Amino acid sequence: MPALFVDQLTVIDFAFFDPVRGIVGESWIVDLVLEGELDDQGMVFDFGDVKKRIKQAIDATLDHKLAVPSQYSELSIAEDGDTLSLDMRDKQGRFYRHQSPKQAVALVPAEIITRESALPMLHEACLKVVPGNVKKIYLNLRTENISGDYYHYAHGLKKHLGDCQRIAHGHRSQIHVYENNQRNTDLETYWCELWRDIYIGTAEDLQKDFEDNGVQYFEFSYQSEQGEFSLVIPAERCHIMQQDSTVELIAQHIADQLKEKQPKSDIKVKAYEGVNKGAIAFA
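Cut-off values and rules
Residues numbered from 1 in each chain as written. Predicted model: local features only at pLDDT ≥ 70, side-chain atom pairs only at ≥ 80, totals over all residues. Heavy atoms only, no water. Pairing = 2+ DSSP bridges. Helix = DSSP H or I, 4+ residues; strand = E, 2+ residues; numbered from the N terminus. Axes fitted to C-alpha atoms, helices over the stretch in contact; angles between N-to-C directions. Contact = heavy atoms within 4.5 Å. Left-handed = near helix turned anticlockwise from the far one by under 90°. Expected span 1.5 Å × (residues − 1). Buried < 20%, exposed > 50% of the residue type's maximum accessible area, 1.4 Å probe, protein only.

**Here we look at the pairing of strand β5 (residues 83-89)**
- Here 6 bridges tie strand β4 (residues 75-80) to β5, and the two strands are oriented antiparallel to one another. Bridge assignment links E79 to a residue of β5, and that residue is L84.

See below:
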């Protein structure tokens, strides 16, 4: 049967709740194969429509959302109009609360979020937008092949007019650090260990900190164009910036922090935001 393929159709940048790791920023590359009969144009599906309709269907399902395993035993869900409230505990007993408009959350029918458990939801979304001559859809989810160090981070940008305003979405990102024009992999490793599975919060969004059962928590909240967002997360899983956490400001923040560590050196940071994009900063 004829088939067409599109490698790296899109990159899904999102966050997910993991029972061990907590809230984790992630980036999945999506490859696509469509099998079907040829239409009147001699095509399985026009590439322009693939890149528009299927990419949009995939992005609308998971991109820039918090994915939560709806069958996880330590999850409770409450709805109030368009607002969705999620209470979760990880395997260490630490508490998480995420409150947002429903559109900022993807409830995945599984006990844990993996590429395999997310595939059926994405596959179903694609089936709804392909023409009848398409008989089979194959999706492949993969992570970027990174030779050096990388970190997973989640964040929210309340001033953003797009989906980045959602309080818990994220990225899997590599970082390149140059000291006096020479790449320094030790500094890259240092930063990636510091930001392993981190949530980057903005100081002005921190509403309160409190202790419960010996665990320190931060509560972040803000109002943005899409609605009200709030997040309670263990303080040890957070790094607080004075500015917003755009990739431009993240790159400068890392450069400034590394400059304090290496005060006699010139520092250059190339910080990625997911796959093949990011910002460069100097200190």
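From this point, the narrative continues.
**Quick notes on the sheet that holds strand β2 (residues 22-36)**
- Taken in spatial order, the 5 strands of this open sheet run β7-β3-β1-β2-β8, and their pairing is mixed. Of all strands in the sheet, those with a lone pairing partner are β7 (105-108) and β8 (134-142), marking the two edges. Between one strand axis and the next, the sheet turns through 40° on average, direction left out of account.
- For strand β3 (residues 66-69) and β7, the ladder comprises 4 bridges, and the chain directions are parallel. Note on β7: the bridge partner recorded for V68 is L107.
- Sheet strands in contact with helix α1 (residues 47-62) are β1 (3-18), β2, β3, β7 and β8, and its direction is about 15° off that of β1.

**Digging into the packing of helix α3 (residues 185-194) against helix α4 (residues 247-261)**
- α4 packs onto α3 with a crossing angle of 115° between their chain directions and a minimal axis gap of 12 Å. Note that α3 runs across α4; the crossing there is right-handed. On α4, the residues that touch L187, Y190 and W191 of α3 are H253, I254, Q257, L258 and K261.

**Here's the deal with helix α2 (residues 115-127)**
- Counted at 1.5 Å a residue, the expected span for α2 with its 13 residues is 18 Å, and the 18 Å between its end C-alpha atoms agrees.
- When α2 is considered as a whole, its buried residues turn out to be S117, A118, L122, A125 and C126.
- In the core, the buried residues of α2 are packed alongside β1, β2, α1, β7 and β8.

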